[in-house]
Amino acid sequence: MKPLKKSAKLANVLYDVRGPIVDAARQMEDEGQKIIKLNIGNMAPFGFDPPEEIQQDMIRNLPDSAGYSDSKGIFAARKAVMHYTQQLGIEGVTLEDIYLGNGASELIGMAVNALINDGDELLVPMPDYPLWTAVTSLSGGTPVHYRCDEDSGWLPDLDDMRAKITPRTRGIVVINPNNPTGVLYPDVVLKGIVALAREHGLVLLVDEVYDKVLYDGVKFTAMGSLSTDVLTLTFNSLSKAYRSCGYRAGWMVVSGPKADAGDYVEGLNMLANLKLGSNVPGQWAIQTALGGYQSINDLVKEGGRLRRQRDLAYELITAIPGVSCVKPQAALYMFPRLDPKVYPIEDDRQFFMQVLRETRVMLVQGSGFNYPDNQHFRIVFLPHEEDLREAINRIARFLERYRTRFA
């Protein structure tokens, strides 16, 4: 038999959040080494448990969960999502505009595949959550990365976005609150993006998975509430705010001028039918989660665990010479910068592989988020405070040795 090669469609697909550094860490664990993982927003291993009422609802409904659901999802969960969109001020959403999926990730892939023809372009933030770049490439499209400006607090550069719109552009991806930077976009920026989409007839694809993970009293605005005359697809899930990553319960909401998008919606329905339906036990958790006590507020308020860990990680990482960081207002991450005059780095993947091997701390390099300068990395501040302190102290000692070596 000839060597079996992967599909050419995968040639430009990268997902370094679970890439070679993770593979190396797994091998080190198999050898008995303990790794501190600051690479992925998987909440359960760090003791962030889902609300008990969510678990109980799934257990009670498990006897009725063996069959397929409707391809768009069960009625109770979709109705709860519809009510949630009303609370967010998104107008005109009906049950038929709501799709449930195995996490937001599956629905992102479905939406992009229904939208993109070979050679089409999708505007994606830089840095991005790399799934967006990967699924655009996998669909046959070209991800075109617009600049988010670190000097302006990682806000999107609207002039750069405008300059990158071409006749092949089909839509704009917005990640707000942002992963990996932890920034929350103000209304003026959101309205500016809506205006660009309106002017050029583009679809907005809006990832709002961290809409409840907010610090310091900042207020979140759903983009769909500002884009009533622009077709908008909003993605969310239970994974983060409800600490339920493994339940794979997410949703997509279609809003705006749907009458002009009938053929596209037909494509979404076709892909929803092809997947038969999403995980039914996870769907039962959605109504209880959205309508119940919002325990995420206890974690992000002053004195809450996530707030304390964010503050600690920020304090420790910015105390290292030559390291700067925009303080995150939301989400579970920060995206520090290593001053290139202090830390000359030619290949950030090799650099953070070296960090792993010498410190047993796993991080994701900035190029894993399609940021090209070799000087950034993402920190996940989910570990308990003592582990977080130990991890960043190890990073600090490694960087001290690196500074000495290249002084």
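Okay, so let's go over this structure. (Residues numbered from 1 in each chain as written. Predicted model: local features only at pLDDT ≥ 70, side-chain atom pairs only at ≥ 80, totals over all residues. Heavy atoms only, no water.)

What to know about the side chain of K212
Residue position: K212 is located in the loop between β7 (203-207) and β8 (232-237). With residues up to four places along the chain from it excluded, the contact list for K212 reads Y84, A241, Y242, Q294 and I296. (Helix = DSSP H or I, 4+ residues; strand = E, 2+ residues; numbered from the N terminus. Contact = heavy atoms within 4.5 Å.)

Points about the pairing of strand β15 (residues 377-380)
Of the two faces of β15, the one lined by F377 and I379 and the one lined by R378 and V380 are each fully buried. Both strand β14 (residues 364-365) and β15 contribute to a ladder of two bridges, which runs antiparallel. Bridged to Q365 within β15 is F377. (Buried < 20%, exposed > 50% of the residue type's maximum accessible area, 1.4 Å probe, protein only. Pairing = 2+ DSSP bridges.)

Things to note about the packing of helix α4 (residues 103-115) against helix α5 (residues 131-138)
α5 packs onto α4 with a crossing angle of 40 degrees between their chain directions and a minimal axis gap of 9 Å. As the angle between them shows, α4 and α5 are arranged oblique. Between α4 and α5 the crossing geometry is right-handed. Mapping the contact onto sequence places S105, I108, G109 and V112 in α4 and L131, W132, V135 and T136 in α5. Taken together, the residues that form the contact of α4 with α5 break down as five nonpolar, three polar and no charged. (Axes fitted to C-alpha atoms, helices over the stretch in contact; angles between N-to-C directions. Parallel < 35°, antiparallel > 145°, perpendicular 65-115°, else oblique. Left-handed = near helix turned anticlockwise from the far one by under 90°. Nonpolar A, V, L, I, M, F, W, Y, C, P; charged D, E, K, R; others polar.)

Let's talk about the environment of D70
In this structure, D70 sits in the loop between α2 (52-61) and α3 (75-87). According to the relative accessible area criterion, D70 is partly exposed, its value standing at 44%. Spatially, the C-alpha atoms of D70 and A272 are 9.3 Å apart, while their sequence positions differ by 202 residues. Discounting chain neighbours no more than four positions away, the residues touching D70 are R78, L276 and G277. Among the polar contacts made by the side chain of D70, one reaches the main-chain amide nitrogen of K72 at a distance of 2.8 Å. (Polar contact = N/O pair within 3.5 Å; in protein donor to acceptor, adjacent residues only side chain to side chain.)

Considering α4
With 13 residues, α4 ought to run about 18 Å at 1.5 Å a step, and its terminal C-alpha atoms sit 19 Å apart, in line with that. For α4, the set of buried residues is G103, A104, L107, I108, G109, M110, A111, V112 and L115. (Expected span 1.5 Å × (residues − 1).)

A few points about the sheet that holds β14
Spatially, the three strands line up as an open sheet ordered β11-β15-β14, and their pairing is antiparallel. Both edges of this open sheet fall to β11 (333-334) and β14, since each of them pairs with a single strand only. Bridge analysis of β11 against β15 gives two bridges, and the strand direction is antiparallel. Residue pairing for β15: M334 is matched across the bridge by I379.

As for the nonpolar core
Membership of the largest hydrophobic core comes to 83 residues, with the highest contact counts inside it found for W132, L205, L233, F235 and L306. Look past the residues within four positions of F235 in its chain and what remains in contact with it is A104, L107, I108, A111, W132, L205, V206, D207, E208, V209, W251 and M252. Judged by nonpolar contacts, the second largest core, of 28 residues, contains I54, Y247, W251 and V253. (Core = buried A, V, L, I, M, F, W, Y, C linked by side-chain atoms within 4.5 Å.)

So, the packing of aromatic side chains
Here the structure, examined in full by the defined rule, presents 13 aromatic pairs. Here Y210 and Y333 contribute two aromatic rings whose centre-to-centre distance is 5.6 Å and whose plane-to-plane angle is 85 degrees, an arrangement assigned as edge-to-face. In this pair, Y210 is assigned in the loop between β7 and β8 and Y333 in strand β11, connecting sequence segments 123 residues apart. Here Y210 and Y333 have matching classes, each one buried. The side chain of R305 reaches across the aromatic face of F48, ending 3.9 Å from its centre. When the ring centre of Y333 is taken as reference, the NZ or CZ atom of R378 above it lies at 4.1 Å. (Phe/Tyr/Trp six-rings, centres within 6.5 Å; stacked < 30°, edge-to-face > 60°. Lys NZ or Arg CZ within 6 Å of the ring centre and 35° of its normal.)

Some remarks on the packing of α4 against helix α8 (residues 262-274)
Axis separation between α4 and α8 bottoms out at 9 Å; the angle between their running directions is 135 degrees. When the axis of α4 is compared with that of α8, the two are oblique. The two elements α4 and α8 cross, and the hand of that crossing is right-handed. In contact with M110, A111, N113, A114 and L115 of α4, α8 contributes Y264, G267, L268, L271 and A272. Its residues placed into classes, the contact of α4 with α8 shows eight nonpolar, two polar and no charged.

Describing the sheet that holds strand β9 (residues 250-255)
Within the open sheet, the eight strands sit side by side as β2-β9-β8-β7-β6-β3-β4-β5. Their pairing is mixed. At either end of the open sheet lies a strand with only one pairing partner, and these are β2 (98-101) and β5 (155-156). Both strand β3 (residues 121-126) and strand β4 (residues 142-149) contribute to a ladder of six bridges, which runs parallel. Looking at the pairing, L122 lines up with P143 of β4. Helix α7 (residues 187-200) contacts β5, β6 (169-175) and β7 of the sheet and is inclined by roughly 170 degrees relative to β6.

So, unusual backbone geometry
Across the junction of M126 and P127, the peptide omega takes the value 5 degrees, indicating a cis bond. For the bond running from N176 to P177, omega is -5 degrees, close enough to zero to count as cis. By secondary structure assignment, the location of P177 is in the loop between β6 and α7. Non-glycine residue R243 carries a positive phi angle of around 50 degrees.

The analysis is restricted to geometry; functional conclusions fall outside its scope.
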